[in-house]
Amino acid sequence: MNQYIVFKIGHDEYGVDISYIRIIERLMNITRVPKTPDYVKGVINLRGEVVPVISFRKLFGYNEIEYDDETRIIVLNFDDITAGIIVDSIDEVVSIDDGNIEGVGDIFGKYNKEYIFGIGKIEERLLILLDVKKILLNEQE
Amino acid sequence: MDVNQYLNLFIDESREYLQKLNSNLLYLENHPQDMETINEIFRVAHTLKGMSSTMGFTNIANLTHEMENLLSEVRNGNIELNEEMVNVLFKCLDVLERYVNNIEEMGIEGDIKVSGLIDEIRGLLNLSTTEKETEDKTISVNEFKDYELNVIKDALVKGFKPLKIQIYLKEDCLLKAARAFMVFKALEKEGEVFKTVPSIEDIEDEKFKDNFTIFILTKRETGYLQQLLLGISEVIKVIVEEVHLNEGVSNIDVSIDVKTEKIVQDEDEINQNKKEIEKNKTSKTVRVDIERLDKLMNLVSELIIIKTRLEGLDTKANQDMVMAIEYLERITTNLHDAVMKVRMVPIERVYNRFPRMVRDLSKELGKEINLYMSGEETEVDRTVIDEIGDPLVHLIRNAIDHGIETPEERQKMGKPSKGKIYLRAYHDGNNVVIEVEDDGKGIDKEKVKQKALEKKLLTKEEILIKSDKEIIDLLFTPGFSTADKVTDISGRGVGLDVVKKKIENLGGMVEVKTQLGKGTKFIIRLPLTLAIIQALLIKVGQEKYAIPLSSIKEIMKIRVENIKKVKGREMVLYRGNILPIIRLNRILDLDDEISNSSRDLTVVIVKKGDFLAGLTVDSLIGQQEIVIKSLGKYLSNNRIIAGATILGDGNVALILDPNILLSEGEMNYESVHSV
């Protein structure tokens, strides 16, 4: 039984394991970093620490939209790698039993499949669960 | 008992003790009569023995045991210390160091052949003990040996009382040695134990029945000591008596001694005080993981940023608020300084290894050299300490090998036969300066010129126009060595350029001053800390960037029409040389700028070694001290950005790495040249 934070991109609902989340922040000033992939929006000052932020929309092939009051940065942490993802809004925290998580086939486009480790079912809702490790290790190579 | 968890502690502590051993041995070499030093060495060997046998490192324990045997004979006055012994002790130290290294690397001490060394020690013991054995027996009739009497006399002068303490343990006491150890441990703090019956070794080996006697010099009251010792479990009886030197003769001795030895003693006392202070220093420290310090540092910089924000708020209306913010400012500044200080380590840590190195090398090369060190207490950032060791080793080796002449040569030149090497460290503004100076033969400029020609680094014409300083600086070119012969120590030509590179990597610089026949001085300047640098803040488009001041040569304006295009590369003439222009906005993936339309371009000229290039910027913001932060692992492969910093308004500004910018420019530049 793991807890997940549910966030929204348009009408799609995503879930991210709460144990990888360091903090959730409102949008703040982002400094662009040149020579980075287009989904890297830049870096923010997170309490004196410089943290890169990624546009979740860009990474997952959505169209980018204007940020608004609901926009949040979820700061993820794995090992000693830290990065934030920008999402449309944060919904709630849910608990999903491991038995209610199904693996993914080819239902998603090939370029974002690897960032997803499964689909979580809560009653009638379906949550796309992120593979945080894969997202964070992406820029490493 | 699982001792693995103590392994790191053991390694750390052993290193500390080996260092102590090293410095004491060096001191002993020059002051062979100094009993205090011999005692100290004995204590260190003893502690090491105890530590290592607890950890199950029997080889170390065995070797230190042998060292102890030798030292205790010296301590008891049975044999006299000579050079041979010091050398053997040094050898032991080397072996111990290797053991500890092995332990650090593999977790086991490994097999190092020490039987020869142990034989050597035993040889020293036998040879000299036989001489004195007969005498020994007669002396043992008296309660105290000569040297012990001396110790007592000294102590009486200083106001210490000699006490005789008899300690009785429970008859069925199981760990007699352990109890005895606790007794010693307790007494250690109260005074100096100078004799035991039976001997310390025998007590440790439990070669006593249920009681032993300790003679101690102390200022404590007898009753206090008695209570103290009775507090140790399984000690059942303690008899403390004052020792009176029986004959009046010795009393007279004392008074005479007072007169003659007073001065010496004062000096001793000072030394002792010094040692005591040092001891206190080490015992009152805490080891802290550097990561925790970084975290603390982060929090402080954040506090400073929020403070700047508070200052910017409109608070004129509220006088109290203004005062409170001023107060906050003072505190944050102090806090910042304090945290920075925590990261600072005295340079002594690096210095420690040099006396030994100079000693060994000068012996090997048949040179006589005194090393003078000053400024050991000068503090530098932890990161600098880790990096500066190798360059200094290089410079000192150079000084010994190439700088200082042999005693004969020196005498011929009318110099004292003993050469001098000075190692100095001091603070100078925001820099730490380290100097390595020798009074040797200096650098021969003509020789350097000749070599430069041979190696085709310069043409004849070029040499004529170069200044003396520029000629000397050739020494820092890779592959350059003026040594006539290559020795083991230096002269392979891999020296000075590596030194220079390392120091530049640390954000510092190195310069040479030399006078033929008089000596050479290398001056290294390093920033106090690597976490904070001076930088120039500039604007490109709407974005702010920082360029480290250390790599900026100058800033100037150039007219757009002066830019020439050579094979698609932009160049301007700058002081008779071609200066490639790097358009920062293009490198930083920004749209072509507004400034394109203006006639003047602001160009920041940056350097990388001898190579220069001009970076175009839109405007200059100013010079500022910045705290360097990493971009984090996620973006670790970004090349042109060296890091980031947080500005007063809380925003992040990126720090450009001119080295990378230039090496990309350099490539283009050369391709232009070859056409």
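The structure this text deals with has already been given above.
Residues numbered from 1 in each chain as written. Chains lettered and ligands numbered in written order. Predicted model: local features only at pLDDT ≥ 70, side-chain atom pairs only at ≥ 80, totals over all residues.

Trainee: I'm lost on the overall build of chain A in this one. Help?
Mentor: Counting its regular elements, chain A contains 2 helices and 11 strands. Listing every helix and strand of chain A by position from the N terminus yields β-β-β-β-β-α-β-β-β-β-β-β-α. Taking as baseline every contact in chain A between residues at least 6 positions apart, the subset at least 24 positions apart corresponds to 52%. (Helix = DSSP H or I, 4+ residues; strand = E, 2+ residues; numbered from the N terminus. Contact = placed C-beta atoms within 7 Å.)

Trainee: Just to check I follow, could you spell out the overall build of chain B for this structure?
Mentor: The helix and strand inventory of chain B stands at 22 helices and 22 strands. For chain B, the residues scored as buried account for 27% of the 675 residues in total. Contacts in chain B between residues far apart in sequence, at least 24 positions, make up 67% of those at least 6 positions apart. (Buried ≥ 20, exposed ≤ 12 C-beta atoms within 10 Å, placed from the backbone.)

Trainee: What am I meant to see in the sheet that holds strand E6 (residues 369-374) of chain B here?
Mentor: Sheets are built from strands paired through backbone hydrogen bonds, the pairs being either parallel or antiparallel. Residue and element names in this part refer to chain B. Taken together, 5 strands build an open sheet; the order of strands is E6-E8-E9-E11-E10 and the sheet is mixed. One side of each edge strand has no neighbouring strand; the edge strands of this open sheet are E6 and strand E10 (509-515). On average, adjacent strands in this sheet sit at an angle of 15° to one another, irrespective of strand direction. In the packing of helix H14 (residues 354-365) onto the sheet, the strands contacted are E6 and strand E8 (419-428), and the crossing angle to E6 comes to about 165°. Taken strand by strand, helix H15 (residues 382-403) contacts E6, E8, strand E9 (431-438) and strand E11 (519-527), and its axis lies near 20° from that of E9. (Pairing = 2+ DSSP bridges. Axes fitted to C-alpha atoms, helices over the stretch in contact; angles between N-to-C directions.)

Trainee: Can you help me understand the interface of chain B and chain A in this one?
Mentor: Many authors give the size of an interface as the accessible area that is lost as the parts come together. Taken together, the contact pairs 24 residues of chain B with 22 residues of chain A. Taken together, the elements giving at least two residues each to the side of chain B that touches chain A come down to helix H11 (290-312), strand E21 (641-646) and strand E22 (652-656) of chain B. The leading source of residues in the side of chain B that touches chain A is H11 of chain B, at 4 residues.

Trainee: What's the story with unusual backbone geometry in this structure? I'm lost.
Mentor: Of note, the phi angle at Lys 35 of chain A is positive, near 60°, even though the residue is not glycine. Within the secondary structure, Lys 35 of chain A sits in the loop between strand E3 (21-26) and strand E4 (40-46). In this structure Lys 35 of chain A comes out as partly exposed when scored by C-beta crowding, with 14 C-beta atoms within 10 Å. With phi around 60°, Asp 589 of chain B is a residue other than glycine that occupies positive phi space. Note on placement: Asp 589 of chain B falls in the loop between helix H21 (584-587) and strand E18 (600-608).

Trainee: Mind showing me how you'd approach helix H1 (residues 7-30) of chain B here?
Mentor: The α-helix winds at 3.6 residues per turn, so residues separated by three or four positions along the chain end up facing the same way. All names here are of chain B. For H1, spanning 24 residues, the distance from its first C-alpha to its last is 35 Å, which sits close to the expected 34 Å at 1.5 Å a residue. Among all positions of H1, only Ser 14, Leu 21, Asn 24, Leu 25 and Leu 28 are buried. The secondary structure elements touched by the buried residues of H1 are helix H2 (35-55) and helix H4 (83-106). (Expected span 1.5 Å × (residues − 1).)

Trainee: Is there a simple way to explain the sheet that holds E18 of chain B in this structure?
Mentor: Residue and element names in this part refer to chain B. Taking strand neighbours across the sheet as the criterion, the 6 strands line up as E14-E18-E19-E17-E16-E15 in an open arrangement whose pairing is mixed. What marks the edges here is a single partner per strand, and that holds for strand E14 (552-559) and strand E15 (564-566). Averaged over all pairs of adjacent strands, the angle between their axes in this sheet comes to 40°, without regard to strand direction. Strand direction decides the pairing type here: E15 and strand E16 (residues 569-574), joined by 3 bridges, are antiparallel. Looking at the pairing, Lys 565 lines up with Glu 570 of E16.

Trainee: I'm lost on the nonpolar core in this one. Help?
Mentor: Val 43, Val 53 and Ile 74 of chain A together with Ala 546, Ile 547 and Leu 615 of chain B are the most contacted members of the largest nonpolar core, which totals 73 residues. The element that contributes the greatest number of residues to this core is strand E12 (residues 532-540) of chain B, accounting for 6 residues. In contact with Ala 546 of chain B, other than residues within four places in its own chain, are Ala 535, Leu 536, Leu 537, Ile 626, Thr 645, Ala 653 and Ile 655 of chain B. Grouped together as the second largest cluster of nonpolar side chains are 35 residues, Val 432, Val 436, Leu 474 and Phe 522 of chain B included. (Core = buried A, V, L, I, M, F, W, Y, C linked by C-beta atoms within 7 Å.)

Trainee: I tried to follow the pairing of strand E19 (residues 611-617) of chain B on my own but got confused; where do I start?
Mentor: A regular strand carries its side chains on alternate faces of the sheet. All names here are of chain B. Counted residue by residue, E19 has 6 buried out of 7 residues, so it is predominantly covered. Where strand E17 (residues 577-583) lies against E19, 3 bridges are found, and the strand directions are parallel. Bridge pairing in E19 links Ile 582 to Leu 615.

Trainee: Is there a simple way to explain the environment of Gly 10 of chain A in this structure?
Mentor: Residue and element names in this part refer to chain A. Inspection of the secondary structure puts Gly 10 in the loop between strand E1 (2-9) and strand E2 (12-17). A count of 10 C-beta atoms within 10 Å places Gly 10 in the exposed class. On a C-alpha basis, the gap between Gly 10 and Ile 65 in space is 9.5 Å, while along the polypeptide they are 55 residues apart.

Trainee: It is not clear to me how the packing of H1 of chain B against H2 of chain B should be interpreted in this structure. Could you clarify?
Mentor: Helix-helix packing is characterised by the crossing angle of the two axes and by the distance between the axes. All names here are of chain B. Packing of H1 against H2 leaves a shortest axis separation of 9 Å and a crossing angle of 155°. The angle between the axes of H1 and H2 places the two elements in the roughly antiparallel class. Of the two possible hands of crossing, H1 and H2 adopt the one that is left-handed. On H2, the residues touching Phe 10, Glu 13, Ser 14, Tyr 17, Lys 20, Leu 21, Asn 24, Leu 25, Tyr 27 and Leu 28 of H1 are Thr 37, Ile 38, Glu 40, Ile 41, Val 44, Thr 47, Leu 48, Met 51 and Met 55. (Parallel < 35°, antiparallel > 145°, perpendicular 65-115°, else oblique. Left-handed = near helix turned anticlockwise from the far one by under 90°.)

Trainee: Any chance you could explain the environment of Ile 434 of chain B here in plain terms?
Mentor: All names here are of chain B. For Ile 434, the position within the fold is in strand E9. Owing to 28 C-beta atoms within 10 Å, Ile 434 belongs among the buried residues under this scheme. Considering only alpha carbons, one finds Ile 434 and Leu 526, 92 residues apart in sequence, at a separation of 8.1 Å. Among all residues touching Ile 434, those that are not within four sequence positions of it are Leu 392, Ala 425 and Ile 524.

Trainee: Explain the packing of H1 of chain B against H4 of chain B to me, please; I cannot follow it from the model alone.
Mentor: Residues and elements named next belong to chain B. Across the interface, H1 lies against H4 with an axial gap of 10 Å and an inter-helix angle of 165°. With respect to each other, H1 and H4 are oriented roughly antiparallel. Where H1 crosses over H4, the handedness of that crossing is left-handed. Contacts between H1 and H4 involve Ile 11, Ser 14, Arg 15, Leu 18, Leu 21, Asn 22, Leu 25, Leu 28 and Glu 29 from the former and Val 86, Leu 89, Phe 90, Leu 93, Leu 96, Glu 97, Val 100, Ile 103 and Glu 104 from the latter. Counted by class, the contact of H1 with H4 contains 12 nonpolar, 2 polar and 4 charged residues. (Nonpolar A, V, L, I, M, F, W, Y, C, P; charged D, E, K, R; others polar.)

Trainee: It is not clear to me how the environment of Ile 86 of chain A should be interpreted in this structure. Could you clarify?
Mentor: All names here are of chain A. Position of Ile 86 relative to the elements: it lies in strand E7 (residues 81-87). Distance in space between the C-alpha atoms of Ile 86 and Ile 74 is 6.5 Å, their sequence separation being 12 residues. Not counting residues up to four positions away in its chain, the partners in contact with Ile 86 are Lys 41, Val 53, Ile 54, Ser 55, Phe 56, Thr 71 and Ile 73.

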